[in-house]
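The lines below spell out each chain.
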Amino acid sequence: MLVSRLYEEDMLDKAREIMSLTNIPLPKDVAVAKEFSESASAEIKAIADIAEDDMILDIGPETISDFVAVIASMKTILWNGPLGVFEFASFSAGTEAVARAIAANSGFSIAGGGETITAIEKYQISEQISYISTGGGAFLEFVEGKTLPAVAILEERNAG
């Protein structure tokens, strides 16, 4: 069976370097299914127990608890992307819990990306998010420090 992996193999060393310099919480458990379907049943598994034919479709309850605790302690939050297939009820717990934790946080929150905005609308928390970017990919490029064409023009006009 062909296993699909969603990562850039040439960036593994960079990811390991970043992980050694900071504390990025990673999932301990996940909700899996054998098929990508709204009617699929979620099975909670520890990361070490994921089978080759399992599809990870959400984070599990222990991870949800960990992530919500981390979010509660944050002063600035940058949210880009749901944590699971939140469109399917069986796989929406992670995204909903994180969305509600961000909404409950009194710090500054920035959210961006189309799927993130869809989740914000689904859980009706837009009023609790400090800033919502509709820029998607451009939003991430800006956060990465890249100069966006429109921003470059504005800066050029402002300098002149």
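Here, the structure is the one placed above.
To start, this report covers the structure provided alongside it. If you're wondering where the values come from, they're calculated on a predicted model, not measured in any experiment.

Each value, and the rule that gives it
Residues numbered from 1 in each chain as written. Predicted model: local features only at pLDDT ≥ 70, side-chain atom pairs only at ≥ 80, totals over all residues. Heavy atoms only, no water. Pairing = 2+ DSSP bridges. Helix = DSSP H or I, 4+ residues; strand = E, 2+ residues; numbered from the N terminus. Axes fitted to C-alpha atoms, helices over the stretch in contact; angles between N-to-C directions. Buried < 20%, exposed > 50% of the residue type's maximum accessible area, 1.4 Å probe, protein only. Arc of directions from axis to C-beta. Contact = heavy atoms within 4.5 Å. Parallel < 35°, antiparallel > 145°, perpendicular 65-115°, else oblique. Left-handed = near helix turned anticlockwise from the far one by under 90°. Nonpolar A, V, L, I, M, F, W, Y, C, P; charged D, E, K, R; others polar.

This paragraph deals with the sheet that holds strand E1 (residues 29–33). Pairing is antiparallel in the open sheet, where three strands are placed in the order E2-E1-E3. Every interior strand has two partners, whereas the edge strands, strand E2 (43–46) and strand E3 (55–59), have only one. Going across the sheet, the axis of each strand differs from the next one's by a mean of 45 degrees, ignoring polarity. When E1 meets E3, the two strands line up antiparallel, connected through four bridges. Bridge pairing links alanine 33 to methionine 55 in E3.

Further remarks concern helix H4 (residues 114–122). Of all the residues in H4, the buried ones are Thr116, Ile117, Ala119 and Ile120. Down the axis of H4, the buried side of the element spans an arc of 160 degrees, and every buried residue falls inside it. Opposite the packed face of H4, turned more than 90 degrees from it, sit the exposed residues Gly114 and Glu121. The inward-facing, buried residues of H4 contact strand E4 (76–80), helix H3 (93–104), strand E5 (108–112) and strand E6 (131–133). A positive phi of about 50 degrees marks glutamine 124, the residue just after H4.

Below, the discussion takes up the packing of helix H2 (residues 61–72) against H3. At a minimum axis separation of 9 Å, H2 and H3 run at an interaxial angle of 15 degrees. With respect to H3, the axis of H2 lies roughly parallel. Crossing handedness for the pair H2 and H3: right-handed. Contact residues: H2 offers Ile64, Phe67, Val68 and Ile71, while H3 offers Ala93, Gly94, Ala97, Val98, Ala101 and Ile102. Split by residue class, the contact of H2 with H3 holds nine nonpolar, one polar and no charged.

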